[in-house]
Structure formats: C-alpha cells, structure tokens
4 protein chains.
Amino acid sequence: MKAGILGLGYWGPNLIRNFLSQSEVEKVYGCDLQDSRLNFIKSKFPSTILTKDYDEMLKNVDVVAIATPVATHFNFAKQALLMGKHIWVEKPFTATSQEAVELIELAEKRNLKIFVDHTFIYTGAVRKMKELADNGEIGDIKYFDSVRVNLGLFQHDVNVIWDLAPHDLSIMGYLLPNNKPIAVAANGIANFYEHENVAHLSVYFNNNCFAHFHVNWTSPVKIRRMIIGGDKKMIVFNDMENLEKIKVYDSGINISKREEIHEALVQYRIGDMHSPKVIQTEALSLGANEFITAINENRQPLTNAVDGLAVVKILEAAEESIKHRGKIVEI
Amino acid sequence: MKAGILGLGYWGPNLIRNFLSQSEVEKVYGCDLQDSRLNFIKSKFPSTILTKDYDEMLKNVDVVAIATPVATHFNFAKQALLMGKHIWVEKPFTATSQEAVELIELAEKRNLKIFVDHTFIYTGAVRKMKELADNGEIGDIKYFDSVRVNLGLFQHDVNVIWDLAPHDLSIMGYLLPNNKPIAVAANGIANFYEHENVAHLSVYFNNNCFAHFHVNWTSPVKIRRMIIGGDKKMIVFNDMENLEKIKVYDSGINISKREEIHEALVQYRIGDMHSPKVIQTEALSLGANEFITAINENRQPLTNAVDGLAVVKILEAAEESIKHRGKIVEI
Amino acid sequence: MKAGILGLGYWGPNLIRNFLSQSEVEKVYGCDLQDSRLNFIKSKFPSTILTKDYDEMLKNVDVVAIATPVATHFNFAKQALLMGKHIWVEKPFTATSQEAVELIELAEKRNLKIFVDHTFIYTGAVRKMKELADNGEIGDIKYFDSVRVNLGLFQHDVNVIWDLAPHDLSIMGYLLPNNKPIAVAANGIANFYEHENVAHLSVYFNNNCFAHFHVNWTSPVKIRRMIIGGDKKMIVFNDMENLEKIKVYDSGINISKREEIHEALVQYRIGDMHSPKVIQTEALSLGANEFITAINENRQPLTNAVDGLAVVKILEAAEESIKHRGKIVEI
Amino acid sequence: MKAGILGLGYWGPNLIRNFLSQSEVEKVYGCDLQDSRLNFIKSKFPSTILTKDYDEMLKNVDVVAIATPVATHFNFAKQALLMGKHIWVEKPFTATSQEAVELIELAEKRNLKIFVDHTFIYTGAVRKMKELADNGEIGDIKYFDSVRVNLGLFQHDVNVIWDLAPHDLSIMGYLLPNNKPIAVAANGIANFYEHENVAHLSVYFNNNCFAHFHVNWTSPVKIRRMIIGGDKKMIVFNDMENLEKIKVYDSGINISKREEIHEALVQYRIGDMHSPKVIQTEALSLGANEFITAINENRQPLTNAVDGLAVVKILEAAEESIKHRGKIVEI
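Once a new chain begins, its residue numbering starts again from 1 and follows that chain's sequence as written. Working convention: letters from A go to chains and numbers from 1 go to ligands, in the order in which they are written. With the structure being a predicted model, the display of local features is reserved for residues of pLDDT at least 70 and the display and counting of side-chain atom pairs for 80 or more, all residues being used for whole-chain, interface and lining totals. Hydrogens and water are ignored here; the side-chain numbers use all heavy atoms of the structure.

1. A short note on the environment of Ala283 of chain D
All names here are of chain D. By the element assignment, Ala283 lies in helix H8 (residues 283-296). Sequence separation between Ala283 and Ile41 is 242 residues, and the spatial gap between their C-alpha atoms is 21 Å. Residues within four places of Ala283 in sequence aside, it is in contact with Thr119, Tyr122 and Thr123. Elements are defined by DSSP. Helices are runs of H or I of four residues or more, strands are runs of E of two residues or more, and each kind is numbered from the N terminus. Whether two residues touch is decided by their heavy atoms; if any such pair falls within 4.5 Å, the residues are in contact.

What follows is the structure, given as structure tokens:
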C-alpha cells in the first residue's frame, strides 16, 4: 500500500513517521507548498517521496492523509475520494456538518473508507476508560467534565473550541455512545482578536446526564483533566501524570428517597482508589494500523466519518451559541 | 460589647469561638432550638449564655450574628435591626435582592452596620491577590476562572450555586471592583433531586473580561482553584496547597496587531514563577475584628451589605438562567 | 479510673483531651511546674484537676502518663511504678536501654502495665500497612526506606535522631516483627550546635533486608514518606497526602538466575497501583483506649515497654555510631 | 572536525545525533561490534560512517567519544590519546582513580583534551543552581541531599552507586568547588546478586558541610530530588517537574548563640518561594559544543578529567566502605 501525506506542518511529520513504520505501507509520499517543510522531511525521513503537486501525489497513492487547515479539508478530501482513494482526515473532520455529510455519501457510493483522526481514542488511558464504562464498573454516567487549558498556539482561522474541544468531544462520544447530545450552550471571551481564547461548552443529553468542556489558550498552567461521574464509581483522567493517568474512585453519593436530601441523611461512600496500568503504545501508530486494517477488512474504522460528523455538529452549534452569549442551540 | 450568635449548627460554634476571643467582647450569647446543639456549646464554651428565645437574646446583646438557613436571614435580620442591633449575616446575605435592599435601607435609616460574612476576603491568600491586583503587577484582568468541587454536603433548600459560589463571587467582586457584571448564564444538572449538584456559571462584564465558576457537590476529588489571567502576569490560587497557595506566573501572550494572530507570530512570554508567603491568621477572627472596629469607627465594614447584595443579584440571575438551560440573564 | 498527665507542654494537652474523652476515665489530673501551662489547661479543659506536685497527683490517680523530656522519664516512671500505678510513657521510652530494662522488670514484679506512646502504630495508614504485610500481599520485605524532614523544632537535649526517628523505628518494628536488627550505622552533621540536625540511619538485619531512616530538622520542604520494598508488591506511605496516604504498587523486578543480571534480561513488572481507604480515627484516642483495655484485661498493650526498649537500643547504637562518622555498631 | 563514537548501545545514538548537529563537525563515524546496533544507526542517521574496527575509526577522526562499559574506558581512551586524539568519555570516567591519573598525565604530555560527560552540568536547572550558589544568594551550604531512585536497569558489572551517583556527585563538585570531600561512608544492600541495588552514600567535608546520596534501582516510584541547604536560602531541585524544576525557599533557621538552642527561642524564617525559569536546551548538545570549543581554544573543558577523577575517587571509597557496612574511608 502506498500512502500520501498532505500538509507537512505541525502534525504532518508525525503522520510520515507513523505511516513509514507500518509494515503494510511500502512507500510514503509527502506534499506541501513550503520548501522549508519539504526539506525538513527530506532530512529526517530520506525515503519519503516529496512533491508540491497534490494531483500528482494522488495519482501515486492508495490512501491519503489530509493534515491541512480545517477549511480546506472538504475540497482535498472530495478530490481524493473522486479519484478512488481512501482518506484519513485530521480533526475536526470538516468546517461544516453539511460538508461532512457530502463526504460520507460520496465515500459510501464508492465503498471508500474515511478515517477521522480522533487520536485520543487510541490512547491506553481512553481505552481503559472505555473498558470501565462498558463493563458497568462505573455505572450510569451522571456527568462528564473536561478541562484542557494551557498557554497554547492561537489558530488564526478558528477559536479555541474548534482547536481543542474535538479531542474531548470524541472521547465523550466514544465513552457515551448511547447518550444523545440534544442541545449545546457555549460561553467565553475573545480577549485578543475575533476568535475566543477562553470558552466553556455545556452539552445536554436526552437523559439524566450533562457534559462540560473548558478550553483555554491563555492559561499559565497546563491542565488536562477529565472527571467522569458514575453512580457506582468515578474516574479521574489526568493526562499530565506520567504513570497514574487513570484513577478510579470507589466513591459516590447514595440517595434513595427525596426525603433523604438534607445534610444529616446524605450517605457518602468513600472507598478505595484504584489506578489501573495503562498501555503506553503511541496512539497515532495504533490509529494508522486501524485505518489500514479497516481498509483491508472492508469495514468502517473505529474512528470514522460518522464520529467526525457528530463532533462537527456540536462545534457548529457551539459556534452559534457562543456568538449569542450561551444561547441554547438544539442539535 | 455583648454579642449574640443565632444558629449553632455547622458554622455557629466557629462564630462563638471567634467572638469569645475578641477583646472588645465581654459576653457571648448563643441561641438555637435544638438541645443537642445547646449542650455541645455548653460543654465546649462554658462561659456562653444559651437560650432558645431569640427575642430574649436580642434584648441582651449589642450585635447579633445570624447563622441560619438563608431563607430565614431576612426576618431575623430585620427584627434585629428594628431593635437597634448591628448585624452579622452569613453568606449568602439574603434569599432575594429585594430583601437585601430592604435591610440596607433599614440599617441606613438607623445608622446600624451590616456585616456579610464573605470569610474568604479575610484570608491571607485573597488579601495577597488583592495586593497584586491593586499594585498593577498583574495588569488588566482578562478572565477569572474558579473551580470549587468535592464530595460535598447537599443543601435541602438551595442548589450547589447558592451553596458554594458565594465564596468565589465575593472574591471576584473584591478583586475586580471596577468590572461591572452585566449578564449571567448558568448551566448544570440536578442528578438526584430538584436542586442542581453540578453547575457552571458564566459572568459577562461591561469590559473585555469574563468570569466562570464551576461548582460541584459530587466530585470524587476536591479541587479549590482559581486562575486570574492578567495581561501582565497570571495568578493561580490553589487552596488545597498548605503553603504555596498563591503562584504568580510571569507568563502571558503578547499580541500587538491583529495580523500577528497566527501560529508563527504569537509571542509567548514564559518567565519565573513566584509564590509569595501568605499570612495564616484565621480569617474568621479577622472578620470579627473588622465588624467590631467598623461599628466603633461608625463606618461600613470591608464586607458589607452592598457586597452581599451584589452576590445575591448574581445568584438570582443564575437561578433563572439555569432553569432555562443557560439563557442569558441581564443584571 | 482516674488518670494523671505529667508535663503539659507541647503534647500534654492532647493527652488531657484524649483521656477526658475515654468513657472509662472518670477524672483527669494534670501536673506541670509552669503556671502558664496550668492556666492554659484550666481555660481549655475546666474539669481537669491541676497541681504542681507530682507526688500528690500520683496519690490520686490509677494511671499516669509521662510527657516530660526523655532524660526525666526514668525517675518519674519508676516513682509511679513503685506507687503501684500503670504508666504511659511518651517516646522515646527512656534515655538508655538499661533504664528501660529496669522499668520492665519493676513493672513485671508488680504486674503493672507500661504503655509506650508509639502513636503512629494506631494510625489508619500504619494499620493498613500491617494488614498488607501480614496477609503476604507484599511478600518478603527487601528494604524499608523512611524520610521525615521539615523545618522542625530543635530539641535542646537530644539530636534529630532521638527526636524524629522513634516514630519510624516503631513502625519498622511493627511491620517487621521477625527481622532482627543486628547492627546500626549513622551519619550526619550538627550545623548549629552539638546535636545533629541532619542524620541518616542505616539498620542491618539478620536476613536479606535493609532499612534506612533520613531525619532532618532543617529542610525547607516537609517530607513524610516511607517506601517498603516487597518482592511481590511495594508500598509507598506518604503522610503528607490527605487521602491517598497508602499506595500499593504491583511492581517489582523478577530475577531467577544470576546469569540474568544484565540489562537485556532483567524482567520488570509494572502493574496497577491501588490506594486502599484508610481509617481516619485519631490515633491518640485509639492508643488511650488500648492502654485502658490492656489494663482491664491484664495483658500487655500493643505498644509496650519491650517495643520501647527495642527502639531505645537502636537510638543508643545510632548515637555511638554518629559520633564516630558511621562506625558500625552491633546491637 | 571529524568525530567518532565508540559504543552504540543505550547512549551512543544520542552522541551520534548531537555530534551530527554540531556545525563544526563535518563527518561522524560510529563503531560497535553488534550488527543490530550498526543497522539501527544506519537507518536513523544514514550519513554516519559505520565500522566494527576501532583502530580504523581512530585513523579517520580528530576526536572520539567513548560510550562503552566503564571497565573498558581506560584502554580505549589510552589508545586514542596515543594516536593524538582528543577524547570524550562517558561517566564514570574510569574504573579506578589510578587509571584516571594515568590518562590525565598522558593527555597533558600531548596537549590533548579530555571531556568527561557529566551531562547534568549542562542542564538549565544545574546552571541556574550554580548561578544561585555563586552569587551568594543561598549563603554557605550546610548540607547537600540527593535522591535518585526508580525501577532502574541493573548493571551487570557495577552496583547502583557507580551507575547513578556520578550524576549527583558531579553536580555536588560543580556547586561546591571549595568544599573538599575528606571521607566517605556507604551503606546498602544487594538483594538480588552481588552488586548493591539500594545504597546510601555519606560524604564528609573539610568544613561544616555534609552531603548524602540515596540511590536505588528497585523503587516503585521515580524520585529525582536534590535539597541544598544554605544558611540564607534553600534550594529544592525536582527533576521530575516539567517546568518548576528549581524552587528557592527564602527559609531557614537563625541561631545566634548556643543558649538559644531550645524550642522557645529557635527563630524560623519562612518567606517567599521563587521558581526561576530554567533554560530547556538539550544538555548533551551544549556539552558537545563545549568539548569542541575547548579544543579550538586549547583550554580545559568545563567538565574535564580532573572532575572525572574527583568523582571516581569517591566511588572507589564508597565501594570499599559499603563492603564493610559503612566503614569510614578517607579520601
């Protein structure tokens, strides 16, 4: 299989490296318009075949990974699908849900696979949380709270929600497949230019669950923490920890009857904490493997265009909401 | 001066202890309807004069501290003022802003002082932050982010915002006296009964600043952290730290022109971190002293009814907003 | 039962409070020479009967707790035993092992009980470690490493080993009842006066185990950590943590044959971490209860004079060793 | 300048990469006996010229870096010096101080430079501590305490002291150039084979200062912490921190007269904490640059053979001491 990588900026080199390491991949192509980037790849990965011409690269490859600004995903992806290539698209999948739908239909018609790079789904920590969620250990999830803040690179074309929230939204969708988001509210501020650098995103579900996402490009400290409140146990995922990334708390609050709701009668359960070992394999390498395997087995990859669309729908709604100071937007 | 404490439940004993330790206070009275509480105070603070009759206590004291459920604050406070007593009221000041206004007017007419117990204003950490904010060291505050979550006692009469947010709202008002809150949006969920146990409160200002408050009674981990993003420096206040509660980061983002907003040109400044020593004196004792001093000097105390009203206005707006999934509510 | 507390300085008030809270204790006496201390107890615990005369107090009580400088323990203890009183002695038990032996013999003759206040043995954390050690979960203990450092109060009569190490030595003896210390080496420095403020104590055993204790009165940070290296699992006890004090690591190194000792073949096992819930009851209260119960059941208390002697033997050897720059001293 | 790297195992590839990145270096050679290692370098650094023949490599290069087991350093180094090559030797410099002396004399005769790779000296954190030590900010250093423990790779030829302590011993020598070590005592245990896996090293100086080094290959947690107790300020260097590696505590103990040594009169000073920004440049790259610059300027490099000898002397003494349960060994 021959693979082409479009866009060799921040993320592209990681894609080159990981596709090179896939046994199924015999040749890797790279495409970008900037000489500096092409030269960088040349020096680090001499075996890569480089070009400035996307059409030409498309002719030579079986699959293409698109790592360009989100506004350009649709055209590059459509072009690749029209030429019969399976595609890998960086997150967020597309700039609008309509673009996503069009790509999904096009891929279905031609039986081509679309992989959306929700990388976190392939991390050991998230897979461990999925295991805990699916085996019923944490019970019903009552709330999902995510914080992703640091001194981060501003994007010139999108706000902090489009830049950071897709990671956490994809994790939410993965862990809560049965909870349907029904409405979104987003608040925040753009301190420096028209795009928000601080934002808070609330997601309402069709059941007794609630999710919140705090993203910030201008925090002096780096925080990457997720709290998942189950009615049996609760999980804290701290991605800044080297080893103990996942902590499972056998803690909660038991309330059987409304009468019991007052200080004296609330029953706390504070038990042991357990931090399961988490696999360290590089997520991107597992993702590339899943993409290739899905193609060979002619099935949808674990992180596919439907997941990508689900995330884009929330981002769209958040965009409308935040422009109206948190107006509720139905999905 | 003789002081009376009404309500000897969770917080009352702390008030008894701290008023007893004030040199200006010659006698301390306590009032509650529950025998168990009266007996507890008797054994721990034998010199306290105890009664079940509020009227009787009022007759004997010069000042009264009201530590009862918020719904009852207004009547007890009004009664005290009508009898010419200075009052201390626990947070939140009143159940409605209208009640607060009425008490303020009543106190003014009779030249009586109202102290609202926004205790955190008297902590060494908050006073240090005030110092940093006032001396211009952190510059213009761009955002104010507060998290106060743990496995907390449910209140039977109010939701988690009314219970926990007053602490942080009073700190915000203290540090940002010139930023006028103009609108509020609140989101959250009531997983267990009609009052929300998880909530997110956004506050919009009349300038380029934004504040957010995350409160949760059902978090497996206890987090008490505030981030104050100034355009010169940023402060992180971690109240779970024993010693290094305040950290000042000489970090930020410099953007002179809109053109500069793209990855290549954003200028980060990551400098030293400084953790100033913070005074450890018990806040409640300093508060009691301020109350007494303000009375003797016939001036408003540092945390007065106007501050209490400002907090209640936001709580009222938050209540309306959260019942309508984050509808923006002007203040 | 009537209890008398001798020495009302730093620790005495805690003894007064905890003996007062024992249902079996009908009356508590206090004895000290300083008026300031007597007045302090009078105001905080009005029901205490106070005196400056030890003999007089001894006449009135059934048991006496001795909380004076270690050099004075022997005489006060002997006097009490001669008057037929059961005794509680603060750690370290005595200034010399010979004193300890004499008190043990005297108590045996008169069937009196000696409780040595190795308080940590009654903490939830240490009891949990004992449970893990006894049920075989951690396997054979290969090493025991303890650090107890902070900016601490200098003792004018003893060095930092005598002041801080008894806590950790008593824990070691409790967790390793079958490992006999055979020799001791101690190194350190006295930067400020003749007694060492920084010290390192090594303990050799009669088997393949080793223990080390690091104590320091002049550390800018407070560290209270113990690592117990078992060949099945390892425990880290961090007493500075509020909740997760005990962490059990399912980690280790497996080496079957000497040939396998080189980088390529060492087999690491890094598994889950588990932090068991630890009981929060005040240790001193459980200690007081154990003392009283042991007397009533006419048995030796859990922390008795034999344990106290074992600790004093190591302290004596450490004293000799540190004065000779770590000379090995057999026990 | 042409550079050759001997030994392409664990550390060798880092040397290849960093010498390749030096502008002064036109060609890099690599030498090892194992094909797997040669192939690995070939694939990652195609421009490297590889060989199994050390003599041949020596003929082609101007400088050689020796990254082989310590027992072999001497012969390889001597051979290179005899052929007129400047040498870079990994830590520890040699297996005996006598070997070190011989190499030093040989290099002097031929005016060749010896660089000993005490990498930590080139880290931003250590350079910052050096700055603080030299500008007098921390005052006289009273003690130096180092902990370097984790689940580490066993060395088949040396114990944990020879493997881990050289890092910390070189830092000590760098920060305390005027404190002469006069004696050493080492304690520990070999739980698995003849070489110790847990060890404690005490260093006595010719003045009122003391140093201790705790090294352990079998700790479930990774700790890399150094405390430097100055009489003005104290430094804590936590190498596990990503950003705040260095914390300077304006804390200490003031004692003017011997009489003052008792609880009541010890004067604590607990002030602010300051965490200076630390440069992130890769230490090894700065080391390579220093090596080349020293050669060009015909001067001794910052980390030279004399420093290497000083470390080896302590290691030798520690080896003798630990085999005799901490016997003091003069240097």
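2. With respect to the packing of aromatic side chains
Given two aromatic rings, one states the distance between the centres and the angle between the planes to describe the pair. Working definition: a ring pair exists when centres of Phe, Tyr or Trp rings (six-membered ring for Trp) sit within 6.5 Å. Plane angles under 30 degrees give stacked, over 60 give edge-to-face, the rest tilted. In the structure shown here, the tally under the stated rule is 52 aromatic pairs over all chains. Centre to centre, the rings of Phe115 of chain C and Phe291 of chain C are 5.6 Å apart; their planes meet at 55°, and the pair counts as tilted. Here the residue Phe115 of chain C occupies a position in strand E6 (residues 114-117), and Phe291 of chain C occupies one in helix H8 (residues 283-296), the gap between them amounting to 176 residues. The residues Phe115 of chain C and Phe291 of chain C share a single accessibility class, namely buried. Here the aromatic rings of Trp88 of chain D and Phe115 of chain D are separated by 4.1 Å at their centres, their planes lie at 15°, and the arrangement is stacked. With Trp88 of chain D in strand E5 (residues 86-90) and Phe115 of chain D in strand E6 (residues 114-117), the pair connects residues that are 27 residues apart, well separated along the chain. Between buried and exposed lies partly exposed: a residue is buried under 20% and exposed over 50% of the maximum accessible area for its type, with that area taken using a 1.4 Å probe on protein chains only.

3. Remarks on the interface of chain C and chain D
You'll often see interface size given as the accessible area lost when the parts meet. Facing the 56 residues of chain C at the interface are 56 residues of chain D. Salt-bridge detection follows one rule: a side-chain nitrogen of Lys or Arg within 4 Å of a carboxyl oxygen of Asp or Glu. Across the chain C-chain D interface, the total number found is 2 salt bridges. Taking the shortest distance from any N to any O, the salt bridge between Arg325 of chain C and Glu330 of chain D comes out at 2.6 Å. Within 3.5 Å is the distance limit for a polar contact, defined as a pair of N or O atoms, with the added protein rule that one can donate a hydrogen and the other accept it, and that residues adjacent in sequence qualify only through two side-chain atoms. Our count for the contact surface shared by chain C and chain D stands at 14 residue pairs in polar contact (both at pLDDT 80 or more). Of all elements in the fold, only strand E7 (141-151), strand E8 (181-189), strand E9 (198-205), strand E10 (210-216), strand E11 (218-230), strand E12 (234-238), strand E13 (246-254) and strand E14 (267-275) of chain C reach the threshold of two or more residues within the side of chain C that touches chain D. Among the elements that line the side of chain C that touches chain D, the one with the most residues is E11 of chain C, at 7 residues.

4. So, the sheet that holds strand E3 (residues 49-51) of chain C
Residue and element names in this part refer to chain C. Strand order in the open sheet formed by 6 strands is E3-E2-E1-E4-E5-E6, and the pairing between neighbours is parallel. Two strands lie at the open edges of the sheet, namely E3 and E6, each paired on one side alone. The average undirected angle you get between the axes of adjacent strands in this sheet is 20°. A pair of strands is labelled paired if DSSP reports no fewer than 2 bridges between them. Summarising the sheet, strand E2 (residues 27-31) and E3 pair through 3 bridges and their orientation is parallel. The residue of E3 that forms the bridge with Gly30 is Leu50. An axis is simply a line fitted to the C-alpha atoms; with a helix, the fit covers only the stretch in contact. Between two such axes, the angle follows the N-to-C directions and lies from 0 to 180 degrees. Packed onto the sheet, H8 meets strand E4 (63-66), strand E5 (86-90) and E6 and runs at close to 155° relative to E5.

5. Observations concerning the confidence of the model for chain A
All names here are of chain A. Of all residues in chain A, 96% have pLDDT values of 70 or greater, and the mean over the chain is 94. Note on residues 260-265: pLDDT is under 50 here. Beyond four places in sequence and across chains, it has 14 contacts. Both scores are available for the predicted complex, with the pTM at 0.93 and the ipTM at 0.93. A score between 0 and 100, pLDDT records how confident the predictor is in each residue.

6. Section: the pattern of salt bridges
A side chain with one charge can pair with a side chain of the opposite charge if their charged atoms come near. If you walk through the whole model with that rule in mind, you get 66 salt bridges over all chains. Here Lys247 of chain A makes a salt bridge to Glu244 of chain C, at a shortest N to O gap of 3.2 Å. Of this pair, Lys247 of chain A sits in strand E13 (residues 246-254) while Glu244 of chain C sits in the loop between E12 and E13, placing the two residues on different chains. Pair check on accessibility: Lys247 of chain A and Glu244 of chain C agree, each one buried. Of the charged contacts in the structure, one is a salt bridge between Arg299 of chain C and Glu297 of chain C, with a shortest N-O distance of 2.6 Å. Owing to a relative accessible area of 29%, Arg299 of chain C belongs among the partly exposed residues under this scheme. Residues participating in the shared-partner salt-bridge network are Glu290, Glu297 and Arg299 of chain A.

7. Remarks on the relation of the copies chain B and chain A
The two copies are related by a screw motion: chain B maps onto chain A through a turn of 180° and a shift of 0.0 Å along the axis, at an RMSD of 0.1 Å. Look at the turn and shift together and you get a two-fold axis relating the two. Taken as a fraction of all interface residues of chain B, those also at the interface in chain A reach 100%, which identifies the copy contact as same-surface. To superpose the copies, least squares is applied to the C-alpha atoms of every residue with a pLDDT of at least 70 in both.

8. Let's talk about the relation of the copies chain C and chain D
Between the two copies, chain C and chain D, the superposition gives an RMSD of 0.0 Å; the rotation angle is 180° and the shift along the axis is 0.0 Å. Same-surface contact between copies: 100% of interface residues of chain C are shared with the interface of chain D.

9. Details of the side chain of Ser170 of chain D
Residue and element names in this part refer to chain D. The residue Ser170 is located in helix H7 (residues 160-175) in this model. From its side chain, Ser170 meets the backbone oxygen of His167 in a polar contact 2.7 Å long. Every residue in contact with Ser170, bar those within four places of it in the chain, is listed here: His118, Ile121 and Val311.

10. As for the pairing of strand E11 (residues 218-230) of chain A
All names here are of chain A. Counting buried residues along E11, 12 of its 13 residues qualify, which places the element largely inside the surrounding structure. Note: strand E7 (residues 141-151) against E11, 9 bridges, orientation antiparallel. Bridge pairing links Asp145 to Ile227 in E11. In terms of strand pairing, E11 meets strand E12 (residues 234-238) through 5 bridges, oriented antiparallel. Across the sheet, the residue bridging to Ile228 is Ile235, located in E12. Joining the antiparallel neighbours E11 and E12 is a turn of 3 residues.

11. A few points about unusual backbone geometry
All names here are of chain A. Note that the residue after Lys91, namely Pro92, is joined by a cis bond; omega there is -10°. With respect to the helices and strands, Pro92 occurs in the loop between strand E5 (86-90) and helix H5 (97-109). Positioned with a positive phi, Arg325 is a non-glycine residue whose angle comes to about 50°. Along the polypeptide, Arg325 turns up in the loop between helix H9 (305-323) and strand E15 (329-330). The exposure class of Arg325 is partly exposed, given its relative accessible area of 27%.

12. A few points about the pairing of strand E8 (residues 181-189) of chain D
Residue and element names in this part refer to chain D. Within E8, 7 of the 9 residues are buried, leaving the element largely enclosed by the surrounding structure. Pairing geometry for E8 and strand E9 (residues 198-205), over 8 bridges, is antiparallel. Along E9, the bridge assignment pairs Ala185 with Ser202.

13. Thoughts on the interface of chain B and chain A
Across the contact, 56 residues belong to chain B and 56 residues belong to chain A. Between chain B and chain A the total buried area reaches about 5,100 Å² when both faces are included, carbon and sulfur atoms providing 63% of it. The interface formed by chain B and chain A contains 2 salt bridges. Linking chain B with chain A are 14 residue pairs in polar contact (both at pLDDT 80 or more). Only strand E7 (141-151), strand E8 (181-189), strand E9 (198-205), strand E10 (210-216), strand E11 (218-230), strand E12 (234-238), strand E13 (246-254) and strand E14 (267-275) of chain B provide two or more residues apiece to the side of chain B that touches chain A. Take the side of chain B that touches chain A: its biggest share by element is 7 residues, from E11 of chain B. When two parts are brought into contact, each loses some accessible area as probed by a 1.4 Å sphere; the total of that loss over both is the buried area.

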